[in-house]
Amino acid sequence: MEQLKNFLIWLKNEGKDEKTISAYKTTVGQFLEWVSGTYDEKPLSEIKPIEIKEYIGYMKHTLNRKQATVNKATASLKTYFVYLANNGEISDNPMTRIKIQKVQSSEQIGETGVSKWMTKEEQDRFISYLDLEKNEFKRLRNLAIIDVMLYSGLRVAEVEELKVDDVKVNGDVTLTIREGKKGKYSTVTLVSKHNRNLRNWLKQRQALTDDRYVQSPYLFVSERTGQLTSRGIQVMLDKYAKLARMDNVTPHRLRHSFCKNLANSGASIEIIRRLARHENIQTTAIYIDPSHQEQINALRKM
């Protein structure tokens, strides 16, 4: 159990909260107990994918765990074995060949439900309507807002609290998140291919001379006040969604789309977790599950 103890210390050093650490302790501990009882304390360095699959079968058929619970356990074990591999305690990670199984589509309610994320085509369609805005102030600002949510995964509260001084431009743009979830300090990057709109808005913002803007530290302002609120951002999204004849365009859906775009580009679940700043890798798991439409597309390509 020394490996588990060190893993839990590592999680704490990584900034995980007590609830998350406790969940990992339970999940990994149950797996280690099963290994010990089934294979007479077989070293983890000798665990193969077949044993992992056997444990998954044990959870399903002996413990009668639901698929969603099995998926959470599998995601936790993926993190544990990545930790072991990175620390040289195993030479081959058996979890790399274990897939998280689909429950009912995690991203939609029924086949006609609204997806948690937008397809690339939907993203492009929505942005095209923002780009048609005739008010240059709004056009530059709104495009920049979409980019920081869609290409760096900011939450709407974080967008609202962004200050001009939190933006550092050096090819890529670095954003300092001072009022993130649970008050944590972090930085995110908006790479050069996606930061043109933000750079254009930053120039516009710094050129504003009205007192309400000069006195305001905030990056995103409205035409009437020195800070654009979360509610104001949603109103803006609703306006262009209506023009584009799209439903349910929300800040959170844009953040979902950021994560799904990463998954579609081939990013690993751990990379997505870190970029999305998820506390728990189980939150990230839905983005690597194939959607109903992706499964149908795969069948058509056979």
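Structure first, text after, so check above.
Residues numbered from 1 in each chain as written. Predicted model: local features only at pLDDT ≥ 70, side-chain atom pairs only at ≥ 80, totals over all residues. Heavy atoms only, no water.

K.L.:
Residue-level account of the overall build of the chain, with values.
P.N.:
Helices and strands together make up the secondary structure of the chain, namely 14 helices and 3 strands. C-alpha extents for the chain along the principal axes are approximately 75 × 45 × 30 Å. Split into buried and exposed, the 302 residues of the chain put 47% on the buried side. Sequence-distant contacts in the chain: of pairs separated by 6 or more residues, those separated by 24 or more amount to 57%. When the accessible area of the chain is evaluated, it comes to approximately 16,300 Å², of which 49% is carbon and sulfur surface. Taking the average location of the 49 positive side-chain charges in the chain and that of its 37 negative ones, the two points are 4 Å from each other. (Helix = DSSP H or I, 4+ residues; strand = E, 2+ residues; numbered from the N terminus. Buried < 20%, exposed > 50% of the residue type's maximum accessible area, 1.4 Å probe, protein only. Contact = heavy atoms within 4.5 Å. Areas by Shrake-Rupley, 256 points an atom, 1.4 Å probe, with all protein chains shown as cover. Lys, Arg positive; Asp, Glu negative; His and termini not counted. Charge placed at Lys NZ, Arg CZ, Asp CG, Glu CD.)

K.L.:
Any details on the packing of helix H5 (residues 120–130) against helix H6 (residues 136–150)? Residues and values, ideally.
P.N.:
Where H5 meets H6, the closest approach of the two axes is 9 Å, and the angle between their N-to-C directions is 160 degrees. By the criterion of interaxial angle, the relationship of H5 to H6 is roughly antiparallel. Side by side, H5 and H6 meet where Gln-123, Phe-126, Ile-127 and Leu-130 of the first sit next to Arg-139, Asn-142, Leu-143, Ile-146 and Leu-150 of the second. In terms of residue class, the contact of H5 with H6 is built from 6 nonpolar, 2 polar and 1 charged. (Axes fitted to C-alpha atoms, helices over the stretch in contact; angles between N-to-C directions. Parallel < 35°, antiparallel > 145°, perpendicular 65-115°, else oblique. Nonpolar A, V, L, I, M, F, W, Y, C, P; charged D, E, K, R; others polar.)

K.L.:
An account of the sheet that holds strand S2 (residues 172–177) is needed here, citing residue identities and associated values.
P.N.:
Overall, antiparallel pairing links the 3 strands, which are arranged S1-S2-S3 in an open sheet. Strand pairing shows two members of the sheet lacking a second neighbour, strand S1 (167–170) and strand S3 (186–190), which therefore form its edges. Across this sheet, the average inter-strand angle for adjacent strands is 20 degrees, counted without regard to direction. In this sheet, S2 lies alongside S1 in antiparallel orientation, the contact comprising 4 bridges. Across the sheet, the residue bridging to Val-169 is Val-173, located in S2. (Pairing = 2+ DSSP bridges.)

K.L.:
Give a description of the nonpolar core that names residues and reports values.
P.N.:
By size, the foremost hydrophobic cluster in this structure holds 42 residues, and its most contacted members are Phe-126, Leu-175, Leu-198, Leu-219 and Phe-220. At the level of secondary structure, the elements contributing two or more residues to this core comprise H5, H6, S2, S3, helix H8 (196–207) and helix H10 (230–244). Excluding its chain neighbours within four sequence positions, the residues that come into contact with Phe-126 are Met-118, Ile-146, Leu-237, Tyr-240, Ala-241, Met-246 and Val-249. Among the nonpolar cores identified, the runner-up in size contains 32 residues, and Ile-21, Tyr-24, Phe-31 and Met-95 belong to it. (Core = buried A, V, L, I, M, F, W, Y, C linked by side-chain atoms within 4.5 Å.)

K.L.:
Tell me about unusual backbone geometry, residues and numbers included.
P.N.:
The backbone of Asn-64 sits at a positive phi, close to 55 degrees, despite the residue not being glycine. One can find Asn-64 in the loop between helix H3 (49–61) and helix H4 (67–86). Residue classification places Asn-64 among the exposed residues on the basis of a relative accessible area of 60%. The phi angle at Arg-277 is positive, at roughly 60 degrees, despite the residue not being glycine.

K.L.:
Could you give an account of H8, naming the residues involved and the relevant values?
P.N.:
The first and last C-alpha atoms of H8 sit 17 Å apart over 12 residues, in line with the 16 Å expected at 1.5 Å per residue. Within the span of H8, buried status applies to Asn-197, Leu-198, Trp-201, Leu-202 and Arg-205. Buried residues along H8 cover an arc of 135 degrees about the axis, so they all sit on one side. Turned more than 90 degrees away from the buried face of H8, the exposed residues are Arg-196, Lys-203, Gln-206 and Ala-207. In this structure, the buried side of H8 is in contact with H6, S1, S2, S3 and helix H9 (211–214). (Expected span 1.5 Å × (residues − 1). Arc of directions from axis to C-beta.)

K.L.:
So what's going on with helix H12 (residues 269–276)? Residues and values would help.
P.N.:
All buried positions along H12 are accounted for by Ile-269, Glu-270, Ile-272, Arg-273 and Ala-276. Take H12 and look down its axis: the buried residues cluster within an arc of 160 degrees, on one side only. On its buried face, H12 is in contact with helix H11 (251–264) and helix H13 (281–284). Backbone geometry just after H12 places Arg-277 at a positive phi near 60 degrees.

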